[in-house]
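Chain and residue survey
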Amino acid sequence: MLSIKNLKANIGEKEILRGINLEVKPGEVHAIMGPNGSGKSTLASVLAGREDFEVVGGEVDFQGKDLLDFGPEERAREGVFLAFQYPVEIPGVSTINFMKTALNQVREHRGEEALSAVDFLKVMKEKMELVEISQSLLNRSLNEGFSGGEKKRNEIFQMAMLEPKLSILDETDSGLDIDALRIVANGVNKLKNKDNATIVVTHYQRLLDYIVPDYVHVLYNGRIVKSGTKELALELEEKGYDWIKAEADQQF
Ligand code: ADP
Ligand code: MG
Ligand code: MG
């Protein structure tokens, strides 16, 4: 589904990603961990097509297409979902209306007809139950005054509605409490199927108590320096990152 080869990206003169290699197949959940400042959020942003970074090398193939050729909106339409794609507050636009537009754009791109109001409500109700989000939250203006947990619920709801092929969740917010972590984890677990894949960027081993990743990768200094299964995350929790840094510093 996703094949990243030797991806390099800079901010200004500074090299941030120094050759990322990653293969993600349908049905898989990948966790990306690593020390602060190693490039995790940069990787997520580059995959989303954010403009602050300059891709200076490598390839990103998504379902046979060169993802780097597409702008952020096109990537979303192709089925890439980024939790922070729509972090903006939009006063006066309810989450429901926002989602209706977003979903119909995606459907149009897939060659499907726009949903009627009745069908939209039906789909919405089903997804609301799935991710346990309340109607009152959806009636409110998008993200306006949402608490951390409400934002998370809303993100997972968007993910449920859009049914992306690949979701990239960057759990950077150190303010995430255990409930918010659970919301994210439950969402990922419930929405997982054999045709979609998820990349979860996290600082917290704790999140991986709830989401069971198929693979765990450690990003350090712009490279994936170690990959393993969920046991690797447990080892990291126990031993920290120093041993990995030492290994990597010898290698590069
Ligand atoms: P992580 O998510 O792993 O903590 P980031 O991807 O946020 O790491 O950051 C990687 C490196 O890029 C850090 O050294 C950080 O200081 C730098 N960086 C990130 N964003 C910017 C920016 N907008 N301008 C300059 N440097 C940045
Ligand atoms: Mg950081
Ligand atoms: Mg980060």
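Above: the structure in question.
Residues numbered from 1 in each chain as written. Chains lettered and ligands numbered in written order. Predicted model: local features only at pLDDT ≥ 70, side-chain atom pairs only at ≥ 80, totals over all residues.

Now for the nonpolar core. Counting residues in each nonpolar core, the largest one holds 62 residues, and the members touching the most others are Leu43, Phe81, Ile168, Val184 and Val200. Apart from residues no more than four positions distant in its own chain, Val184 is found in contact with Lys152, Ile156, Leu169, Glu171 and Leu207. (Core = buried A, V, L, I, M, F, W, Y, C linked by C-beta atoms within 7 Å. Buried ≥ 20, exposed ≤ 12 C-beta atoms within 10 Å, placed from the backbone. Contact = placed C-beta atoms within 7 Å.)

A separate point is helix H3 (residues 95–109). Think of an α-helix as 3.6 residues a turn; residues three or four steps apart then line up on the same face. If you check H3, its first and last C-alpha atoms are 21 Å apart, about what 15 residues at 1.5 Å a residue would give, namely 21 Å. Here H3 has its buried residues at Thr95, Met99 and Leu103. For H3, the arc enclosing every buried residue in end-on projection is 55 degrees, short of the 170-degree limit, so these residues lie on one face. Structural note: H3 exposes Thr101 and Glu108 on the side pointing more than 90 degrees away from its buried face. The secondary structure elements touched by the buried residues of H3 are strand E7 (90–94), helix H5 (135–139), strand E8 (141–142) and helix H6 (148–162). Positive phi appears at Gly111, one or two residues downstream of H3, with a value of about 80 degrees. (Helix = DSSP H or I, 4+ residues; strand = E, 2+ residues; numbered from the N terminus. Expected span 1.5 Å × (residues − 1). Arc of directions from axis to C-beta.)

Near ligand 1 the following residues occur: Ile11, Lys14, Ile16, Gly34, Asn36, Gly37, Ser38, Gly39, Lys40, Ser41, Thr42 and Asp52. Residue assignment for the shell around ligand 1 shows that the elements contributing at least two residues are strand E2 (14–24) and helix H1 (40–48). Sort the elements by how many residues they give to the shell around ligand 1 and H1 lands first, with three residues. (Near = placed C-beta within 6 Å.)

Before going further, it helps to examine the pairing of strand E10 (residues 197–202). Among the six residues in E10, six count as buried, and that is most of the element. The two faces of E10 match: Ala197, Ile199 and Val201 on one face and Thr198, Val200 and Thr202 on the other face are all buried. Pairing of strand E3 (residues 29–33) with E10 involves four bridges; the strand directions are parallel. Note on E10: the bridge partner recorded for His30 is Ile199. Sheet analysis places strand E9 (residues 166–171) next to E10, joined by six bridges and oriented parallel. Bridge assignment links Leu166 to a residue of E10, and that residue is Ala197. (Pairing = 2+ DSSP bridges.)

All right, on to the sheet that holds E3 then. Taken in spatial order, the six strands of this open sheet run E6-E9-E10-E3-E11-E12, and their pairing is mixed. This sheet does not close on itself; its edge strands, each paired only once, are strand E6 (80–82) and strand E12 (223–228). Neighbour to neighbour, the strand axes of the sheet diverge by 20 degrees on average, direction disregarded. As paired elements, strand E11 (residues 215–220) and E12 share five bridges and run antiparallel to each other. Looking at E12, one finds that Leu219 is bridged to Ile224. (Axes fitted to C-alpha atoms, helices over the stretch in contact; angles between N-to-C directions.)

Look at H3 against H6: their axes get within 10 Å of each other, and the N-to-C directions meet at 35 degrees. In the packing of H3 onto H6, the handedness of the crossing is right-handed. Contacts between H3 and H6 involve Thr95, Met99, Ala102, Leu103 and Val106 from the former and Asn154, Gln158, Met161 and Leu162 from the latter. Broken down by class, the residue content of the contact of H3 with H6 amounts to six nonpolar, three polar and no charged. (Left-handed = near helix turned anticlockwise from the far one by under 90°. Nonpolar A, V, L, I, M, F, W, Y, C, P; charged D, E, K, R; others polar.)

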